[in-house]
Every structure is written in C-alpha cells, then in structure tokens.
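# A look at the structure
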Amino acid sequence: MSDKFLAVVKLKTGEEIIAKIKPSPELDVIALDCPAMVGHSNFTRKPGVSIIKIEPWIKTGREQTYIVEMSNVITTCEVSDEDVIKAYNRFVKAYYETE
C-alpha cells in the first residue's frame, strides 16, 4: 500500500503545487509525484466564484518525481474536493501519460 496522497503544497516562493506527495521526515524532504502549478483564472461564470487552472510546474521537463527540501515548504494540505481531484487527474493523464 502506498503512503502517497494528493495534496496542495505551499512553497516559500508563493507557488501552490498540487501533487501526490510522500513526506520523508528522516531526510527532511518531500517527494512530489506529477506536480502541477495551481493558479487562478481571470475567467469567471459567476461573481464571487473563481476558477482554478492547473498547469505544468516545471515547464521544460516531464520528470514524474521531484524532491523538495522541507525548508522550502510553508504548509501542505490533503485535497478532498472531488472537482479538484478530477481536474488534477485529467491534467496528469494529458501531460504526464502521453508520449
């Protein structure tokens, strides 16, 4: 059984990354699998409702796993919103699982 889970990681740079994560406390790092940048779209359908966009975090590479030192992480939060999970899974399939 894997101990990875889908989470949003807030970095000190201000970036919000969504990825399947696996913390490694003994090494003081976190592994990000299939990371994507979370941003906000200017397009809205209803006032007060914003739309998130999911785009590649590292735009020049398609490595599936990246290691980030915990000293660069502000916080993490497990993702439970079904719409966000579906959007992330579509992104992973389109970006990471194509040849």
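Now for a description of the structure that goes with this document. (Residues numbered from 1 in each chain as written. Predicted model: local features only at pLDDT ≥ 70, side-chain atom pairs only at ≥ 80, totals over all residues. Heavy atoms only, no water.)

Glancing now at the state of the cysteines. Throughout the structure, instances matching the rule amount to zero disulfides. As a non-bridged cysteine, Cys34 has Cys77 as the owner of its nearest cysteine sulfur, 20 Å distant. (Disulfide = S-S within 2.5 Å.)

Here we come to the environment of Lys20. Tracing the backbone through its elements, the reader meets Lys20 in strand β2 (residues 16–24). Placed 51 residues apart in sequence, Lys20 and Ser71 show a C-alpha to C-alpha distance of 19 Å. The residues contacting Lys20, other than those within four sequence positions of it, are Phe5, Leu6, Ala31, Leu32, Asp33 and Tyr88. (Helix = DSSP H or I, 4+ residues; strand = E, 2+ residues; numbered from the N terminus. Contact = heavy atoms within 4.5 Å.)

Per the stated rule, a full pass over the model turns up four aromatic pairs. For the ring pair Phe91 and Tyr95, a centre distance of 5.4 Å and an interplane angle of 15° mean the geometry is stacked. Note that Phe91 and Tyr95 are positioned in helix α1 (residues 82–95) at a spacing of four residues, about one turn of the helix. Of the two residues examined, Phe91 and Tyr95, each falls in the buried class. In textbook terms, an aromatic cluster arises when at least three aromatic residues are bridged by ring pairs, as seen for Phe91, Tyr95 and Tyr96. In this structure, Arg62 packs its charged tip against the face of Tyr95, placed 4.1 Å from the ring centre. (Phe/Tyr/Trp six-rings, centres within 6.5 Å; stacked < 30°, edge-to-face > 60°. Buried < 20%, exposed > 50% of the residue type's maximum accessible area, 1.4 Å probe, protein only. Lys NZ or Arg CZ within 6 Å of the ring centre and 35° of its normal.)

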